[in-house]
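Tertiary structure, described
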Amino acid sequence: MNFYRTTRLMLSGAAFFSLAGSAFALDGTDLLNKINAAYAAQGGTIAAESVDIDGTTVTLKNVTVKPTAGESLPIGQITLSGVEEDEDGGYYIEEAAFPDINKTQDGVTVTAQELTLGGISVPATPGGDTLDTMMLYESAHIGPLKVVKDGAEVFSLLESNMNLTLREDESGFDFDGAFKSMKADLTKTEDAQSKDAIEKLALQHIQGDITMKGAWELAPGTIDISEFAFDFTNVGKLNLGFKISGYTMAFMKSMQDAMKQSEANPNKEQSQQALGLAMLGLMQQLSFEAAQVRFEDASITKRALDYAGSQQNMSGKQMADSLKAMTPIMLAQLNIPELQNAVSAAVNTFLDDPKSLTVKAAPEKPVPFPTIVGAAMGAPNTLPQVLGVKVSAND
């Protein structure tokens with residue numbers, strides 16, 4: 001949807017708008033050059049028709065953002081407040097405020113308010129291997145968001161927030177985010193089969209939150225997503241997590257360079273093949289450290305069993321018994337007896353009393369991605385042992 005593309009570009013673009021002064025006059029050309037130098041890493045250019053400076057407040061008028069492989073996107077007026085020039089030639093913006101969004105297309109209207117970025121750092125010299133050469137922001141906020149179709153509200157979000165905290169020793173940063181009070185109205189679904197399923201599963205009105213927490217340690221390139229949770233009322237909570245290493249600044253720069261080269265190649269088929277090969281080569285630098293998928297039931301499992309059973313002319317209890325009987329038969333084909341027993345036991349426990357189901361992968365030491373690919377292609381039945389996979393229920 002155009003809204004998501006617009007919002008993403010506006011939020012990423014804001015970090016590059018530091019066209020104003022502090023107590024001293026600023027060189028607008030120098031600022032714009034540094035902004036675009038930083039933005040070039042993501043592929044694109046930023047332009048403002050005019051720049052008004054009033055103390056430490058800057059107003060950018062008729063701002064447009066142009067991705068490398070795309071058309072210019074009009075943003076509108078952006079207000080930057082608390083703008084300061086650093087001693088090293090970089091810039092700090094206390095807050096960037098964006099215009100509200102109100103877009104209508106094909107009978108769908110999307111509105112969003114209170115779009116801001118806070119604590120934006122514009123580096124003097126981007127593209128290095130330290131955090132002070134990156135474009136960073138400390139917080140991002142979107143206020144009330146609504147999607148209205150044919151006069152009826154089908155989706156809304158109270159607010160979303162993202163926070164990034166740089167560690168004191170600049171070895172990395174921690175981040176967290178939340179999409180609060182999401183609501184979706186599925187009663188307008190037109191497909192008869194989907195509508196029946198929605199009603200049987202009691203999913204006409206969905207409400208919940210999405211939260212995430214993580215960290216990035218610069219030197220080893222360790223990305224640790226400890227929480228990425230989807231928590232919905234009367235449905236359940238699905239929490240995903242993973243930890244990989246090798247995602248260093250050098251890795252990120254190589255990936256960006258490969259993507260820019262692909263976008264610059266007019267032969268799209270050739271560029272996609274080259275990009276695929278480049279990504280395969282880069283993946284060899286990454287190692288898998290851990291992962292987890294955990295689901296905590298909040299009544300959806302029983303409704304799902306009842307619905308699935310009704311499609312087979314049986315009760316939910318009979319469907320559960322059928323699944324328990326089928327699980328070991330299906331797993332036997334994978335030739336993983338240890339995991340087969342653990343999965344069967346966990347499935348039986350969960351279906352008898354749905355509370356939680358957890359799948360963890362925690363090898364004794366990091367496993368290089370090429371090793372995982374090799375095992376998957378040559379001996380897939382060894383993957384659970386290679387990755388240290390464990391399955392449990394109601395724990």
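Numbering of residues starts from 1 in every chain and runs along the sequence as written. Whole-chain, interface and lining totals are the exception, using all residues; otherwise, since this is a predicted model, local features are given only for residues with pLDDT of at least 70 and side-chain atom pairs are given and counted only at 80 or more. Side-chain metrics in this entry use all non-hydrogen atoms of the structure; hydrogen atoms and water are not considered.

When DSSP finds at least two bridges between two strands, those strands are taken to pair. Helix and strand assignments follow DSSP, with helices taken as H or I runs no shorter than four residues and strands as E runs no shorter than two, numbered in order from the N terminus. Of the pairings in the sheet, the one linking strand S7 (residues 116-122) to strand S8 (residues 139-142) comprises three bridges and is antiparallel in character. Bridged to Thr-116 within S8 is His-141. Looking at chain direction, S8 and strand S10 (residues 152-166) are connected through four bridges and run antiparallel. Looking across to S10, one finds that Ile-142 is bridged to Ser-160.

Here the focus is helix H6 (residues 300-311). Expected span, for any helix, means 1.5 Å times one less than how many residues it has. Under the 1.5 Å per step criterion, the end-to-end length of H6 is 17 Å for 12 residues, consistent within 8% with the ideal 16 Å. In this scheme, a residue with accessible area under 20% of its type's maximum is buried, one over 50% is exposed, and one in between is partly exposed, where area comes from a 1.4 Å probe on protein chains only. Turning to H6, its buried residues are Ile-300, Thr-301, Arg-303, Leu-305, Tyr-307 and Gly-309. Any two residues whose heavy atoms approach within 4.5 Å are treated as being in contact. Elements in contact with the buried residues of H6: helix H3 (192-200), strand S15 (287-297), helix H7 (316-332) and helix H8 (337-352). Where H6 terminates, the next one or two residues include Asn-313, which has phi positive at roughly 60°.

Moving on, we get to the side chain of Ser-262. Residue position: Ser-262 is located in helix H4 (residues 249-264). A polar side-chain atom of Ser-262 sits 3.4 Å from the main-chain carbonyl oxygen of Ser-271. In contact with Ser-262, not counting residues within four places along its chain, are Ser-271, Gln-272 and Leu-275. Here a polar contact is taken to be a pair of N or O atoms separated by no more than 3.5 Å, where protein atoms must pair a possible hydrogen donor with a possible acceptor and residues adjacent in sequence count only if both atoms sit in side chains.

Think of a nonpolar core as a cluster: buried Ala, Val, Leu, Ile, Met, Phe, Trp, Tyr and Cys residues, connected wherever their side-chain atoms sit within 4.5 Å. Formed by 35 residues in total, the largest nonpolar core has its most connected members in Ile-75, Ile-78, Leu-80, Phe-98 and Ile-120. A per-element tally of this core places strand S3 (residues 73-85) first, with five residues. Counting residues in hydrophobic clusters, the runner-up holds 27 residues, among them Met-134, Phe-173, Ile-244 and Leu-387.

Put simply, a patch holds well-exposed residues, over 30% relative accessible area, that have no salt bridge, with like charges counted together within 9 Å and Val, Leu, Ile, Met, Phe, Trp or Tyr side chains within 5 Å. Residue burial considers only the protein chains on display, and all accessible areas are found by Shrake-Rupley using a 1.4 Å probe. By definition, a salt bridge exists where a carboxyl oxygen of Asp or Glu is found within 4 Å of a side-chain nitrogen of Lys or Arg. Within this scheme the basic residues Lys and Arg register as positive and the acidic residues Asp and Glu register as negative, but His and the chain ends are omitted. Note on charges: their place is set at NZ of Lys, CZ of Arg, CG of Asp or CD of Glu. A cluster of acidic residues, Glu-84, Glu-85, Asp-86, Glu-87, Asp-88, Glu-94, Glu-95, Asp-132, Glu-168, Asp-169, Glu-170 and Glu-217, forms a negative patch on the protein surface. Elements represented by at least two residues in the negative patch include exactly S3 and strand S4 (91-97).

So, on to unusual backbone geometry. The backbone of Ala-202 shows a phi angle near 55°, a positive value even though the residue is not glycine. A relative accessible area of 39% means that Ala-202 is categorised as partly exposed. The phi torsion at Asn-234 lies on the positive side, around 60°, for a residue other than glycine. By the secondary structure assignment, Asn-234 is in the loop between strand S13 (222-232) and strand S14 (236-245).

A separate point is the domain arrangement of the protein. Entries for the protein in the domain assignment read domain 1 (24-139) and domain 2 (311-393). Each of domain 1 and domain 2 has a C-alpha centre, and the two are 47 Å apart. For the domains described, the bounds stem from an automatic or database domain assignment.

Here we come to the packing of aromatic side chains. Aromatic contacts are taken between Phe, Tyr and Trp rings whose centres are within 6.5 Å, Trp giving its six-membered ring; a plane angle under 30 degrees counts as stacked, one over 60 as edge-to-face, and the others as tilted. By the definition in use, this model includes five aromatic pairs. Consider the rings of Phe-173 and Trp-216, whose centres lie 5.5 Å apart with planes at 80°: the pair is edge-to-face. Here the residue Phe-173 occupies a position in strand S11 (residues 172-185), and Trp-216 occupies one in strand S12 (residues 205-217), the gap between them amounting to 43 residues. Like Phe-173, the residue Trp-216 is buried in the burial classification.

Note that Thr-301 resides in helix H6. In contact with Thr-301, not counting residues within four places along its chain, are Phe-295, Phe-350 and Pro-354.

What follows deals with the packing of H3 against H6. The geometry of a pair of packed helices is captured by two quantities: the angle between their axes and the separation between those axes. Two elements in contact, H3 and H6, have axes whose closest approach is 9 Å; the angle formed by their N-to-C orientations is 135°. Accordingly, the angle class assigned to the pair H3 and H6 is oblique. Each of Gln-193, Asp-196, Ala-197 and Lys-200 in H3 lies in contact with H6, whose residues at this interface are Arg-303, Tyr-307 and Gln-311. Residues are grouped as follows: Ala, Val, Leu, Ile, Met, Phe, Trp, Tyr, Cys and Pro are nonpolar; Asp, Glu, Lys and Arg are charged; all remaining types, including Gly, are polar. Split into classes, the residues belonging to the contact of H3 with H6 amount to two nonpolar, two polar and three charged. Interaxial angle, 0 to 180 degrees, is taken between N-to-C directions of lines fitted to C-alpha atoms, where a helix line uses only the stretch in contact. Angles below 35 degrees are treated as roughly parallel, those above 145 as roughly antiparallel, those between 65 and 115 as roughly perpendicular, and all remaining angles as oblique.

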